[in-house]
Amino acid sequence: MRADHLSSGAMLRVDGLRKAFGEKTVLDGLSFEVASGEVVSLLGANGSGKSTSLRCVVGLERPDGGTITVDGVSARPGETTGARSSGELARPLAPSEGVTARSAEAVPTVAMVFQKIHLVPRRSVLDNVCAGALGRLSLSRSWSVLAFPREVQAEAMACLDRVGLADRAREKAGRLSGGQQQRVAVARALCQRAQVLLADEPVSALDPAASEQVMNLLRSLADDDGLAVAAVLHQPDLARRFSDRILGLAGGRLVFDSSSEVTDQAVADLYRPALEALEAAEAAEAAVAGSTAPKESTDSATKEFA
Ligand SMILES: Nc1ncnc2c1ncn2[C@@H]1O[C@H](COP(=O)(O)OP(=O)(O)OP(=O)(O)O)[C@@H](O)[C@H]1O
């Protein structure tokens, strides 16, 4: 059954997503949606299932249950968009280095960028962006020997222009700064003709100025190009400033989906279970250390404070 808070017409719709690794349930019926032109941020403590949810959407993980639709088309071909009967993907989506998910039945392209930027550092910036088009090119040609067709190069140049790096096209990708490399990764996603852009901690490795640039870019791709953008962030302030909505995840479930101001208290509550678990682990560790500490040192410590 469709979750109550979902509307129809979203570009990306995730409904009742379930995923376990062994005995550990990581996604426990997660539902959310992202419309074209919208930036949605996912916040949550470590291990709350943020990355796994995006990885399921792009086809890097195989969900155990739930539905994923992109522009109304099931991203898990062979299934209806209603209730599922089986946990198996009929045909897993095929991620590439740039990570794209596209099925033969015209599911709009979903692309993903990561904190660790997957560029080929020795190849030119332009080649790296052209690689986004590989899914559309004949697979009999490897890009290690490939001169990309002129039309692909022209499209890649336009994508680089879009992220403000056209003037760096001929440089080796590895020479660019982290922030610039992340923008190249976004340009590659554009060259994949992505309509849904997933970003997993896209600014976690960047300094504040570069983070700002990348977040501005994601925002303008939604505003000006109509992309549906979902970003995992660990910076509540950036999430507040750049998102239309913030999703709070805990234990693989949605605990809030807010288009209004997310209070500091709501954010603190989100991270509290992880903090409490950490404190409990530290207390247990201290108790074990205390019970195994040599008697002599305890005695001398007691004397010192006497
Ligand atoms: N391939 C895997 N095999 C086993 N367990 C996994 C795998 N991928 C993720 N997990 C576990 O699933 C849980 C959720 O991981 P996930 O990366 O989705 O969390 P997250 O919310 O993105 O966390 P973080 O903020 O630390 O990136 C974690 O406990 C993680 O160890």
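Residues numbered from 1 in each chain as written. Predicted model: local features only at pLDDT ≥ 70, side-chain atom pairs only at ≥ 80, totals over all residues.

Looking at an unreviewed UniProt entry, one finds the protein chain named Phosphonate transport system ATP-binding protein and attributed to Nocardioides albus.

### Regarding the overall build of the protein chain
Applied cut-off: Secondary structure follows DSSP: runs of H or I at least 4 residues long count as helices, runs of E at least 2 residues long count as strands, and numbering of each begins at the N terminus. Put simply, a residue is buried when 20 or more other C-beta atoms lie within 10 Å of its own C-beta and exposed when 12 or fewer do; between those, it is partly exposed, and each C-beta is set from the backbone. Think of it this way: build a C-beta for each residue from its backbone, and any pair within 7 Å is a contact.
In terms of helices and strands, the protein chain carries eight helices and eleven strands. The buried share of the protein chain, reckoned over its 306 residues, is 43%. Contacts in the protein chain between residues far apart in sequence, at least 24 positions, make up 69% of those at least 6 positions apart.

### Notes on the environment of Ser 258
Tracing the sequence through the fold places Ser 258 in strand 11 (residues 253-258). Each C-alpha atom, one on Ser 258 and one on Leu 247, is 6.5 Å from the other, the two residues being eleven residues apart in sequence. With residues near it in sequence (within four places) discarded, Ser 258 still touches Arg 245 and Ile 246.

### A few points about the domain arrangement of the protein chain
Quick note on the threshold: Each domain span listed reflects an automatic or database assignment of domains. Lys, Arg, Asp and Glu make up the charged group, whereas Ala, Val, Leu, Ile, Met, Phe, Trp, Tyr, Cys and Pro make up the nonpolar group; the residues left over, Gly among them, are polar.
As far as domains go, the protein chain holds domain 1 (12-116 + 193-262) and domain 2 (263-306). Taken together, the elements giving at least two residues each to the side of domain 1 that touches domain 2 come down to strand 3 (39-44), strand 10 (245-250) and strand 11. When the residues that make up the side of domain 1 that touches domain 2 are grouped by side-chain class, the tally is seven nonpolar, three polar and one charged.

### Topic: the site of the ligand
Spelled out, the test is: In this text, near has one meaning. A residue is near a molecule or strand if its C-beta atom, placed using the backbone, is within 6 Å of it.
If you check the shell around the ligand, you find Phe 21, Val 26, Gly 44, Asn 46, Gly 47, Ser 48, Gly 49, Lys 50, Ser 51 and Thr 52 and nothing else. Per-element accounting of the shell around the ligand gives the leading share, three residues, to helix 1 (residues 50-58). Considered class by class, the residues forming the shell around the ligand number two nonpolar, seven polar and one charged.

### Comments concerning helix 5 (residues 208-225)
Rule in force here: Expected helix span is given by 1.5 Å per residue-to-residue step, counting one fewer step than there are residues. Throughout, the arc means that of the directions going from the helix axis to the C-beta atoms.
Here helix 5 spans 25 Å end to end across 18 residues, near enough to the 26 Å set by a 1.5 Å rise per residue. Among all positions of helix 5, only Ser 211, Val 214, Met 215, Leu 217, Leu 218, Leu 221 and Ala 222 are buried. Down the axis of helix 5, the sector holding all buried residues measures 150°, keeping them to one side. Structural note: helix 5 exposes Pro 208, Ala 209 and Asp 224 on the side pointing more than 90 degrees away from its buried face. Each element contacted by the buried residues of helix 5 is listed here: strand 3, helix 4 (178-191), strand 8 (196-200), strand 9 (228-232) and helix 6 (236-242). Just past helix 5, the residue Gly 226 takes up positive phi, approximately 75°.

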